[in-house]
Amino acid sequence: MDTIKNAGNYVSDKLQGKSHEASKEANKQTARDSDAGIGTRLQAAGDAVSDKAKEHKHDTSAEANKQAATH
């Protein structure tokens with residue numbers, strides 16, 4: 001039963017990690033947009049950093065769940 005739970009958690013973490021990765025890339029583009037206001041660009045840059053941290057957290061969790069599911 002734990003194997004199924006870990007496999008489900010792995011899939012969930014991978015999806016969440018990919019979602020944060022996509023958001024990070026969108027925020028990076030906004031931060032680089034010279035037509036956007038400085039406040040918008042700064043906010044986007046901060047959001048990109050936050051998304052990167054969340055992406056890393058979910059990727060690490062996914063790997064742990066993957067290992068747990070296979071053992």
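Everything in this summary refers to the structure shown in the same document.

The rules behind the values
Residues numbered from 1 in each chain as written. Predicted model: local features only at pLDDT ≥ 70, side-chain atom pairs only at ≥ 80, totals over all residues. Heavy atoms only, no water. Salt bridge = Lys/Arg side-chain N within 4 Å of Asp/Glu carboxyl O. Helix = DSSP H or I, 4+ residues; strand = E, 2+ residues; numbered from the N terminus. Buried < 20%, exposed > 50% of the residue type's maximum accessible area, 1.4 Å probe, protein only. Expected span 1.5 Å × (residues − 1). Contact = heavy atoms within 4.5 Å. Lys, Arg positive; Asp, Glu negative; His and termini not counted. Polar contact = N/O pair within 3.5 Å; in protein donor to acceptor, adjacent residues only side chain to side chain.

Summed over the entire model, instances satisfying the criterion amount to four salt bridges. Where Lys18 meets Glu21, a salt bridge forms, and the shortest distance between an N and an O atom there is 3.5 Å. Here Glu21 and Lys18 lie together in helix 1 (residues 2–32), a separation of three residues that amounts to about one turn. Overall, Glu21 belongs to the partly exposed group, its relative accessible area being 28%. We note a salt bridge from Glu55 to Lys24, for which the minimum N-O separation is 3.2 Å. You can see Glu55 sitting in helix 2 (residues 38–70) and its partner Lys24 sitting in helix 1, a full 31 residues away along the chain. Owing to a relative accessible area of 8%, Glu55 belongs among the buried residues under this scheme. Shared partners join several salt bridges into a network, and the residues in it are Lys24, Glu25, Lys28 and Glu55.

Working note: α-helix, 3.6 residues per turn, so residues spaced by three or four point in the same direction. An ideal rise of 1.5 Å per residue puts 48 Å on 33 residues; helix 2 measures up with 48 Å between its terminal C-alpha atoms. Buried residues of helix 2: Ala44, Ala48, Asp51, Glu55, His58, Ala62 and Asn65, and no others. Residues of helix 2 that are buried make contact with helix 1.

It is worth spelling out the side chain of Asp13 at this point. The topology assignment puts Asp13 in helix 1. For the buried residue Asp13, which engages in no salt bridge, the nearest side chain bearing the opposite charge is Lys57, 7.1 Å off. Reaching out from Asp13, the side chain makes a polar contact with the side chain of His58 at a distance of 3.4 Å. Apart from residues lying up to four places away in sequence, Asp13 is in contact with His58, Ser61, Ala62 and Asn65.

Honestly, that's just the spatial picture; any functional story needs more than this.
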